[in-house]
Amino acid sequence: GDDPFVQYAWSKGHDVTAIDIVPDALKAMRSQFGDDVDDWTSENQQKNGLVWKHRSGRATLFEGDILMKRPELVNSFDVIYDKDSFGALSLEMRPKFCERLSEFHKDGGTLYIEVKNKETGREFGPPYHVEKECLMNPTAFGTWFEHKASLGEVYPLKMPGMKQTGHILRRALRR
């Protein structure tokens, strides 16, 4: 989405890739890289949707569904950051989401995931209430990842009765 972390990591010299289904979120993200719209080129890859590339060669934005198979991204990433996607998905959609992220990760890679912890209405969403047990369920990340740390509240939210919590997972080695 339009989270500032992608641009921040890029500004520190990292190569970054983001996937979002919402065109306005990616438009906002592109604007974080500077005001020159000519810094970005796009290519409509029918199957993969629209792909935006920054002229630096270090930022790629996929406008499309994270649940789609993307063979070009398999075993590509040392680190993946998920801010609220897992907790926005219904239980039925989560297995495919987790499978995609496991495919994109290199063995031993780190997944930093932020989710909501709700005082009330935990069974309703989105956003859904998520704890370590939800993340590590075998139908979620438990098949492919090890839980390394629960970070607790990572920053305050302006939504009463809700906390933004963080978790660090490590991609297990493929067999």
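Since the structure is predicted, the reported quantities are computational estimates derived from the model, not experimental observations. (Residues numbered from 1 in each chain as written. Predicted model: local features only at pLDDT ≥ 70, side-chain atom pairs only at ≥ 80, totals over all residues. Heavy atoms only, no water.)

*Asks:* Is there a simple way to think about the pattern of salt bridges in this case?
*Replies:* Between side chains of opposite charge, a pair can form as their charged atoms come close. Per the counting criterion, the structure on display carries 11 salt bridges. The partner of D39 in a salt bridge is R55, with the nearest N and O atoms 2.7 Å apart. Of this pair, D39 sits in the loop between α2 (23-31) and β2 (40-45) while R55 sits in the loop between β3 (49-54) and β4 (59-63); the two residues are 16 residues apart in sequence, bridging distant segments of the chain. What makes D39 buried here is its relative accessible area of 9%. With relative accessibility at 66%, the residue R55 sits in the exposed group. The partner of R100 in a salt bridge is E103, with the nearest N and O atoms 2.9 Å apart. Here the residue R100 and the residue E103 both occupy positions in helix α4 (residues 94-104), the gap between them amounting to three residues, near one helical turn. Sharing partners across several salt bridges, the network here consists of K69, E99, R100 and E103. (Salt bridge = Lys/Arg side-chain N within 4 Å of Asp/Glu carboxyl O. Helix = DSSP H or I, 4+ residues; strand = E, 2+ residues; numbered from the N terminus. Buried < 20%, exposed > 50% of the residue type's maximum accessible area, 1.4 Å probe, protein only.)

*Asks:* Before we go on, may I ask you to explain the environment of K27 in this structure?
*Replies:* Checked against the element boundaries, K27 lands in helix α2. Counting along the chain gives 36 residues from K27 to E63, while the straight-line C-alpha distance between them is 9.8 Å.

*Asks:* What is the right way to look at the sheet that holds strand β1 (residues 16-20) in this model?
*Replies:* Two pairing modes exist for strands in a sheet, parallel and antiparallel, and in both the strands are linked by backbone hydrogen bonds. Ordered by their spatial adjacency, four strands build an open sheet running β1-β4-β3-β2, and the pairing between neighbours is mixed. In this open sheet, the two edge strands, each paired with only one partner strand, are β1 and β2. This sheet shows a mean twist of 15° between the axes of neighbouring strands, independent of strand direction. As defined by bridge partners, β3 adjoins β4 across four bridges and the pair is classed as antiparallel. Along β4, the bridge assignment pairs K53 with T60. Each of β1, β2, β3 and β4 is contacted by α2, which is oriented at about 165° to β4, the strand it contacts most. (Pairing = 2+ DSSP bridges. Axes fitted to C-alpha atoms, helices over the stretch in contact; angles between N-to-C directions. Contact = heavy atoms within 4.5 Å.)

*Asks:* For this particular structure, what's the right way to read unusual backbone geometry?
*Replies:* Leaving glycine out, the prevailing phi sign among residues is negative, and the prevailing peptide bond configuration is trans. Between G125 and P126 the backbone carries a cis peptide bond, its omega angle lying at 0°. Among the structural elements, P126 can be located in the loop between β6 (105-118) and α5 (132-135). Backbone torsion omega between P126 and P127 reads -5°, so that peptide bond is classified as cis. Looking at the element boundaries, P127 is found in the loop between β6 and α5. Even without being a glycine, D84 presents a positive backbone phi close to 75°. Looking at where D84 falls in the secondary structure, it is placed in the loop between β5 (77-83) and α3 (85-88). Note on D84: relative accessible area 17%, which makes it buried.

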